[in-house]
Amino acid sequence: AQKITQTQPGMFVQEKEAVTLDCTYDTSDPSYGLFWYKQPSSGEMIFLIYQGSYDQQNATEGRYSLNFQKARKSANLVISASQLGDSAMYFCAMSLTYGQNFVFGPGTRLSVLP
Amino acid sequence: DSGVTQTPKHLITATGQRVTLRCSPRSGDLSVYWYQQSLDQGLQFLIHYYNGEERAKGNILERFSAQQFPDLHSELNLSSLELGDSALYFCASSASEDGKRGYTFGSGTRLTVV
C-alpha cells in the first residue's frame, strides 16, 4: 500500500531563510505524482507544486522547489526566502494512476519567525 | 477564491441526523474528489467522480454516499451521523481524470455533530 511519511511535526525558520520540509513515500507503482499543499490557519488547501515520477528535472514554482530523489523515494519541499505568510501546515501527497489512492502525509507545521 | 465552491461553510447537527454537503467544481473541471480531515485521522480520501461516474472509493463509510450531477456539481450525503463524523470536509476538482497535475480545493465544510 502506498504511504506518505512526513517526519517533522513542526519546524521553525527565521524570516528570509530557506527551509526544507521532508517527505518520503512508498509505492510499487512506477507511475505516480507527488504534490505539496499548504493549509493556512484559515483552513483552505492551496496547491503548491507537482512532480511526476518520470519528470527528469526537479519541479520549481517561484520560491518553492521540490527536491526529488527517486531512488530514495523522497520529495522534499524547499522554500526559499521564507516569509511570515508561509506559516502554515504543509502536506505532501501522492497520487497513482487515475488519481486513485491519493494519499496525504500527516503534515508539517511551519512557523516563520520574524 | 479557488473557483471550487462548497456550501455550507459550517454545519452543526445532532447525532442520528442526515446532512448534504454541496460542491461546485472549478469551471471546466470534470473530476470531483471528496476528503475528510479530522484531527486524529488527517486527510482521508473518500471518493472520486469524473464526469458523473464514480471512479474510485477510499475510506468512505457505508453511511456516506455521494454523486455528481450532469452539471458537474457534487453532493456528499452523510447519514446516521455520529460524534466521530465531526470534521472538515473538502471537495477538490481537477481538469483531468487522473488528477496528476494537482487538485484545486474548496474552502471546506466544517461539520460539527453534537
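Cut-offs used in this document
- Each residue is numbered by its place in its chain's sequence as written, counting from 1.
- Think of it this way: whatever chain is written first is A, whatever ligand is written first is 1, and the rest follow in order.
- Whole-chain, interface and lining totals are the exception, using all residues; otherwise, since this is a predicted model, local features are given only for residues with pLDDT of at least 70 and side-chain atom pairs are given and counted only at 80 or more.
- In computing side-chain properties, one takes all heavy atoms of the structure into account and sets aside hydrogens as well as water.
- By definition, any uninterrupted DSSP run of H or I lasting at least four residues is a helix, any uninterrupted run of E lasting at least two residues is a strand, and each is numbered from the N terminus.
- Polar contact criterion, stated in full: a pair of N or O atoms within 3.5 Å, where within protein one must be able to donate a hydrogen and the other to accept it, and residues adjacent in sequence count only if both atoms are side-chain atoms.
- A pair of cysteine sulfur atoms is labelled a disulfide when the two atoms are within 2.5 Å.
- When a residue's accessible area, from a 1.4 Å probe over protein chains only, is under 20% of the maximum for its type it is buried; when over 50% it is exposed; and in between it is partly exposed.
- Aromatic contacts are taken between Phe, Tyr and Trp rings whose centres are within 6.5 Å, Trp giving its six-membered ring; a plane angle under 30 degrees counts as stacked, one over 60 as edge-to-face, and the others as tilted.
- Only when the NZ of Lys or the CZ of Arg is both within 6 Å of the ring centre and within 35 degrees of the ring normal is a charge said to sit over the ring.

Peer 1: Quick rundown of the environment of A:Gln6? Include the residues and the values.
Peer 2: Residue and element names in this part refer to chain A. Following the sequence through the fold, Gln 6 ends up in the loop between β1 (3-5) and β2 (10-14). Separated by 70 residues in sequence, Gln 6 and Asn 76 have C-alpha atoms that sit 9.4 Å apart. In this structure the side chain of Gln 6 is engaged in a polar contact, spanning 3.0 Å, whose partner is the backbone nitrogen of Gly 107.

Peer 1: Tell me about the state of the cysteines, and please be specific about residues and values.
Peer 2: By the definition in use, this model includes two disulfides over all chains. The disulfide partner of A:Cys23 is A:Cys92, and the S-S distance across this bridge is 2.0 Å. As the torsion about the S-S bond is roughly -60 degrees, the A:Cys23-A:Cys92 disulfide counts as left-handed. Taken together, the residues A:Cys23 in the loop between β3 (19-21) and β4 (24-26) and A:Cys92 in strand β10 (residues 88-95) connect sequence positions 69 residues apart. Note on cysteine connectivity: B:Cys23 is disulfide-linked to B:Cys91, with sulfurs 1.7 Å apart. The S-S bond linking B:Cys23 to B:Cys91 shows a torsion near -45 degrees; that makes this disulfide left-handed. With B:Cys23 in strand β3 (residues 19-24) and B:Cys91 in strand β9 (residues 87-94), the pair connects residues that are 68 residues apart, well separated along the chain. Classification of B:Cys23 as buried rests on a relative accessible area of 0%. The class of B:Cys91 is buried, set by a relative accessible area of 0%.

Peer 1: Got a sec to walk through the packing of aromatic side chains? Specific residues and values, please.
Peer 2: Taken as a whole and assessed by the stated rule, the structure comprises 18 aromatic pairs over all chains. Through pairs of rings, three or more aromatic residues link up here, namely A:Phe35, A:Tyr37, A:Phe47, A:Tyr50, A:Phe91, A:Phe104, B:Tyr33, B:Tyr35, B:Phe45, B:Phe90, B:Tyr103 and B:Phe105. When the ring centre of A:Tyr64 is taken as reference, the NZ or CZ atom of A:Arg63 above it lies at 5.7 Å.

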